[in-house]
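Fold and geometry: a report
Each chain, letter by letter, is given below.
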Amino acid sequence: MGSQTQMVMDTILAKIDAGVLDPGDVIAEDALIAELEISRTPLREALLQLEAHGLVSRQPRKGVVVFRPTLEEFLAILEVHAKLEGQAAGLAARRLSPARADALRGIVAACRAHHAAHGDGHPNEYYQLNLDFHRLVGEASGNPYLLEMIKSNARKLMAYYRARYRTVGAIKASAAEHAEIAQAILDRRSDEAEALMTRHVQFDHVTAMDLLASFD
């Protein structure tokens, strides 16, 4: 039962990560049961665990839906998430290994190359590069508990970060900021890396409202 519950959780999380499930989307329980060839019990247990982590919620007459924050919830989660990402960057600047330094240079180059080749185009592909950049910084922090907290918070905001790259100039700005953050990490400037990453992750109030409205 435990392995089936985990399989259901992994499947739902993968759909959230890939943008197949967006904020407010209903979890199609019968379709998941058919897709995974399971009974309703592990599905119910998986949904309870996801609800406990704040990734789904139960709504009257709808069923279980992907978490969709209010503006106040969005800004509160974002505040915490930006601090966590900033802390990871600060730790990475102190703990970066040679192998991860090479990987960080590689992903920065890939972000720049994407913008050079496509400009504002192919935002979903760029978003995957963005995820790789943040994952590498998180791993370079050397703190698996911090990385897990970042992942959990990121899933609540993932659809909105993805949508952000559909706006004009967002990919160019992101690639430039990634390069600046990475250089601070590579130069072991811990305080600066933390501040740059915190600012990079944060949205202003108006942008947050625009992104929330894009899923109405």
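A brief structural summary.

1. Here's the deal with the layout of surface pockets
Put simply, the largest pocket is a space of about 430 Å³. The wall of the largest pocket is formed by 20 residues, among which Leu131, His134, Arg135, Ala154 and Met158 lie closest to the centre. Residue assignment for the lining of the largest pocket shows that the elements contributing at least two residues are α4 (71-95), α6 (123-140), α7 (144-164) and α9 (190-201). Sorting elements by how many residues they give to the lining of the largest pocket places α7 first, with 8 residues. Tallied by class, residues from the lining of the largest pocket come to 9 nonpolar, 4 polar and 7 charged. Approximately 180 Å³ is the volume found for the second largest pocket. Gln6, Met9, Asp10, Leu13, Leu50, His53, Leu55, Glu148, Lys151, Ser152 and Arg155 are the residues that line the second largest pocket.

2. Observations concerning the nonpolar core
The nonpolar side chains of soluble globular proteins are, as a tendency, buried together. Grouped together as the largest cluster of nonpolar side chains are 46 residues, with contacts concentrated most on Phe74, Leu104, Phe133, Val137 and Ile185. Listing elements by their share of this core, those giving two or more residues are α4, α5 (98-118), α6, α7, α8 (170-186), α9 and α10 (205-213). For this core, the element with the most residues is α8, which contributes 9 residues. Look past the residues within four positions of Val137 in its chain and what remains in contact with it is Ala88, Ala89, Ala92, Leu104, Ile185 and Met197. Residues Leu21, Leu36, Ile38 and Val64 belong to the second largest nonpolar core, which totals 19 residues.

3. Topic: the packing of aromatic side chains
Evaluation of the coordinates by the stated rule reveals 6 aromatic pairs. Relative to Tyr165, the ring of Tyr126 has its centre 5.1 Å away and its plane inclined at 65°; by these criteria the two rings are edge-to-face. Residue Tyr126 is located in helix α6, and its partner Tyr165 is located in the loop between α7 and α8; the two are separated by 39 residues in the primary sequence. By relative accessible area, which is 0% here, Tyr126 ends up buried. Considering the side-chain rings of Tyr161 and Phe203, the 4.9 Å spacing of their centres and the 40° angle between planes classify their relative orientation as tilted. Of the two residues, Tyr161 sits in helix α7 while Phe203 sits in the loop between α9 and α10, which places them 42 residues apart along the sequence. Judged by relative accessible area, which is 10%, Tyr161 ranks as buried. These aromatic residues form a ring-pair network of at least three members: Phe74, Tyr160, Tyr161, Phe203 and Phe215.

4. A look at the environment of Tyr161
On a C-alpha basis, the gap between Tyr161 and Arg105 in space is 22 Å, while along the polypeptide they are 56 residues apart. What Tyr161 contacts, discounting residues up to four positions off in sequence, is Leu78, His81, Tyr127, Val201 and Phe203.

5. Observations regarding the environment of Pro98
Among the secondary structure elements, Pro98 is positioned in helix α5. Under the relative-accessibility criterion, Pro98 is labelled exposed at 68%. Sequence-wise, Pro98 and Thr41 are 57 residues apart; in three dimensions their C-alpha atoms are separated by 47 Å.

6. So, empty space enclosed by the protein
By the definition in use, this model includes 2 cavities of 30 Å³ or more. Estimated volume of the largest cavity: approximately 80 Å³. Ile16, Leu21, Asp22, Pro23, Leu55, Val66, Phe67, Arg155, Lys156 and Ala159 are the residues that line the largest cavity. Sorting elements by how many residues they give to the lining of the largest cavity places α7 first, with 3 residues. The residue makeup of the lining of the largest cavity, split by class, is 7 nonpolar, no polar and 3 charged. Roughly 30 Å³ of internal volume is contained in the second largest cavity. Along its surface, the second largest cavity is lined by Ala92, Leu96, Arg100, Leu104, Leu136, Val137, Ala140 and Ile185. Residue contributions to the lining of the second largest cavity peak at 3 residues, all from α6. For the lining of the second largest cavity, the residue count by class is 7 nonpolar, no polar and 1 charged.

Rules used throughout
Residues numbered from 1 in each chain as written. Predicted model: local features only at pLDDT ≥ 70, side-chain atom pairs only at ≥ 80, totals over all residues. Heavy atoms only, no water. 1 Å grid on protein atoms, 1.4 Å probe; cavity = no way out; pocket = protein on both sides within 12 Å on 5 of 7 lines; lining within 4 Å. Points joined across faces, edges and corners; volume = space filled by probe spheres on them. Helix = DSSP H or I, 4+ residues; strand = E, 2+ residues; numbered from the N terminus. Nonpolar A, V, L, I, M, F, W, Y, C, P; charged D, E, K, R; others polar. Core = buried A, V, L, I, M, F, W, Y, C linked by side-chain atoms within 4.5 Å. Buried < 20%, exposed > 50% of the residue type's maximum accessible area, 1.4 Å probe, protein only. Contact = heavy atoms within 4.5 Å. Phe/Tyr/Trp six-rings, centres within 6.5 Å; stacked < 30°, edge-to-face > 60°.

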